[in-house]
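Coordinate analysis (summary)
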Amino acid sequence: MRFICELREGDNISGIYLCKNKQNLKTKAGKSYYSLLLQDKTGTVDAKVWDLNNGIEHFESMDFIKVDGMVTSFQGALQVNVRRVRRTQEQEYDMRDYLPTSRFSIDDMMKELTGYITTIQNPYLKALLESFFVKDAAFIKSFKEHSAAKSVHHGFVGGLLEHTLSVTKLCDFYCKRYPVLNRDLLLTAAMCHDIGKTTELSLFPANDYTDEGQLLGHIVVGTEMIHDKIRDIPNFPKVLANELKHCILAHHGELEYGSPKKPALVEALALNLADNTDAKMETMTEIFAGTADTTEWMGYNRLFESNLRKTTK
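Residues numbered from 1 in each chain as written. Predicted model: local features only at pLDDT ≥ 70, side-chain atom pairs only at ≥ 80, totals over all residues. Heavy atoms only, no water.

This part takes up the pairing of strand β5 (residues 77-87). Examined bridge by bridge, strand β3 (residues 43-49) and β5 share 3 bridges and lie parallel to one another. Counted as the bridge partner of Ala 47 is Val 80 from β5. Relative to β5, strand β4 (residues 64-74) runs antiparallel, the two sharing 10 bridges. Bridged to Ser 73 within β5 is Leu 78. A loop of 2 residues connects β4 with β5, the two strands running antiparallel in sequence, and Gln 75 in this loop sits at a positive phi of about 50 degrees. (Pairing = 2+ DSSP bridges. Helix = DSSP H or I, 4+ residues; strand = E, 2+ residues; numbered from the N terminus.)

This is the structure:
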């Protein structure tokens with residue numbers, strides 16, 4: 001099969017992909033068509049079925065489908081114009097080809113992340129981190145397998161771990177550069193800031209929002225998880241607990257970005273900056289990885305509200 005990362009404009013393709021999403025839409029002229037999101041382990045690509053003829057068999061979202069079509073380009077992004085589709089049988093594909101996974105070793109990243117726990121001096125924060133990342137086997141398994149997002153950035157197996165490690169390393173650097181920061185508090189917040197995503201999102205191949213994720217979101221869920229663990233740690237200082245929860249609640253920085261609170265502590269501000277830095281840098285990295293090796297302008301990108309292009313070598 002041709003993996004999505006290998007597709008180029010003008011290619012004719014015939015391969016099996018996971019139909020991550022299917023929408024039945026209509027053109028301005030009232031003609032029905034399908035809008036699809038196809039996925040394999042290397043990423044996703046938009047696809048359109050403009051002509052719903054006899055070559056288009058019935059299928060639904062989360063089906064594995066055999067696709068025949070041509071790769072085109074629309075607004076700077078690749079798109080597949082599909083001519084034929086059929087549902088496949090389980091023996092026709094290998095599930096491992098359809099689970100996007102971090103390019104880094106998940107076990108090595110987890111070892112590096114948990115290594116930060118040994119550097120935490122505050123006994124209460126250290127106990128809290130150990131309760132999640134050392135003692136809770138179910139949480140550890142879920143944390144290592146989850147993505148950091150449904151789309152946009154780190155949307156792959158191990159993505160939550162990769163993002164959390166990057167944010168923690170950035171925060172550790174901030175502490176060396178800005179002594180005003182409470183390192184124990186900031187690193188604990190960094191390691192815990194997205195733990196709610198283990199509940200907000202389902203595991204692959206679905207990687208979609210759960211009912212709890214839709215109703216509450218990972219910020220609130222993560223704060224509740226921290227609250228529950230803190231109750232099992234004797235004499236955990238109330239002020240410290242509130243400061244840590246505030247960092248989690250404020251880590252998106254703005255109310256319109258989903259944070260119930262704006263940063264009021266310097267550690268909350270630092271966490272927001274680190275989270276935003278890694279999310280945007282990874283987003284840009286993934287955008288460029290999915291485009292041709294050219295310095296031509298890619299067109300307007302709604303996430304960055306700018307026309308983008310790669311830097312000259």
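This is not the end of the story, as more comes after the structure.
Attention now moves to unusual backbone geometry. Where the residue is not glycine, phi is negative for most of them; where a peptide bond is considered, it is trans in most cases. Here the residue pair Phe 204 and Pro 205 is connected by a cis peptide bond, since its omega of 10 degrees sits within 30 degrees of zero. Take Pro 205: it is sitting in the loop between α6 (197-200) and α7 (211-215). Non-glycine residue Met 62 carries a positive phi angle of around 75 degrees. Secondary-structure assignment places Met 62 in the loop between β3 and β4.

This part is about the packing of aromatic side chains. Under the definition given, this model contains 12 aromatic pairs. Residues Tyr 34 and Phe 59 carry aromatic rings whose centres are separated by 5.8 Å and whose planes lie at 90 degrees to one another, so their mutual orientation is edge-to-face. Residue Tyr 34 is found in strand β2 (residues 32-40), and its partner Phe 59 is found in the loop between β3 and β4; the two are separated by 25 residues along the sequence. No difference in accessibility class separates Tyr 34 from Phe 59, as the two residues are buried. Taking 5.2 Å as the distance between ring centres and 55 degrees as the angle between the ring planes, the aromatic pair formed by Phe 132 and Phe 139 counts as tilted. Of the two residues examined, Phe 132 and Phe 139, each falls in the buried class. Joined through ring pairs, the aromatic side chains of Phe 132, Phe 133, Phe 139 and Phe 143 make up one cluster. A cation sits over an aromatic face here: Lys 22 above Phe 59, 4.5 Å from the ring centre. When the ring centre of Phe 132 is taken as origin, the NZ or CZ atom of Lys 229, which lies over that ring, is 5.2 Å away. (Phe/Tyr/Trp six-rings, centres within 6.5 Å; stacked < 30°, edge-to-face > 60°. Buried < 20%, exposed > 50% of the residue type's maximum accessible area, 1.4 Å probe, protein only. Lys NZ or Arg CZ within 6 Å of the ring centre and 35° of its normal.)

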